[in-house]
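Structure at a glance
The primary structure of each chain is shown beneath.
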Amino acid sequence: MFTVIGIMFVGVAVGYVLRHLSFLQFIGKPISYTIYLLLFLLGISVGHNDAIIRSLSTLGFQAFLLALAATTGSVLAAWVVYRFFFREDGK
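My aim in this report is to walk through the structure given alongside it, one point at a time.

Procedures and definitions
Residues numbered from 1 in each chain as written. Predicted model: local features only at pLDDT ≥ 70, side-chain atom pairs only at ≥ 80, totals over all residues. Heavy atoms only, no water. Helix = DSSP H or I, 4+ residues; strand = E, 2+ residues; numbered from the N terminus. Rg over C-alpha atoms; globule rule 2.2 N^0.38 Å. Buried < 20%, exposed > 50% of the residue type's maximum accessible area, 1.4 Å probe, protein only. Areas by Shrake-Rupley, 256 points an atom, 1.4 Å probe, with all protein chains shown as cover. Patch = residues over 30% accessible without salt bridge, like charges linked within 9 Å, V, L, I, M, F, W, Y side chains within 5 Å. Salt bridge = Lys/Arg side-chain N within 4 Å of Asp/Glu carboxyl O. Phe/Tyr/Trp six-rings, centres within 6.5 Å; stacked < 30°, edge-to-face > 60°. Lys NZ or Arg CZ within 6 Å of the ring centre and 35° of its normal. Expected span 1.5 Å × (residues − 1).

So, about the overall build of the chain. Check the secondary structure of the chain and you find 4 helices and 0 strands. Reading the secondary structure of the chain in the N-to-C direction produces α-α-α-α. Against the globule reference of 12 Å for 91 residues, the chain gives a C-alpha radius of gyration of 19 Å, more extended than a compact globule. Across its three principal axes, the chain shows a C-alpha extent of roughly 50 × 35 × 25 Å. The buried share of the chain, taken over its 91 residues, is 0%. Carbon and sulfur atoms form 75% of the exposed surface of the chain, whose accessible area is close to 8500 Å².

On the surface, Ile27, Ile31, Tyr33, Ile35, Tyr36, Leu39, Leu42, Val46, Ile53 and Leu56 cluster together into a nonpolar patch covering about 950 Å² of accessible area. In terms of residue count, helix α2 (residues 28-48) provides more of the nonpolar patch than any other element does, 7 residues in total. Within the secondary structure, Val46 sits in helix α2. Note on Val46: relative accessible area 32%, which makes it partly exposed.

To continue, consider the packing of aromatic side chains. Counted by the stated rule, this structure contains 1 aromatic pair. Positioned above the aromatic ring of Tyr16, the side-chain terminus of Arg19 is 3.9 Å from the ring centre.

Turning to helix α1 (residues 2-17), a few remarks are in order. Here α1 contains 16 residues, and its C-alpha end-to-end distance of 22 Å stays within 8% of the 22 Å for a straight helix at 1.5 Å per residue. Summarising burial for α1: 0 of the 16 residues are buried, a small minority.

On to the environment of Val17, then. Checked against the element boundaries, Val17 lands in helix α1. Put simply, Val17 and Leu65 are 48 residues apart on the chain and 39 Å apart in space, counted from C-alpha to C-alpha.

In structure tokens, the structure reads:
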């Protein structure tokens, strides 16, 4: 887990340093397509795993609750960040 977070922070630092390079301005679409491909491959992996498919009825509800909690937390965090850092005074 710390490895993934560390790699992300290194990527943020490198992106900040190289933010003025023109070819990096067009990297958004390839990243989106790569994420779609990874999600598709994850779906194949989950669909291939018999243990997950057999216990999908119980895991499905827990996954729904976890996803709902994560989405709610993300929306609240985004609202707080917007309110304190991006909102203009007087609005």
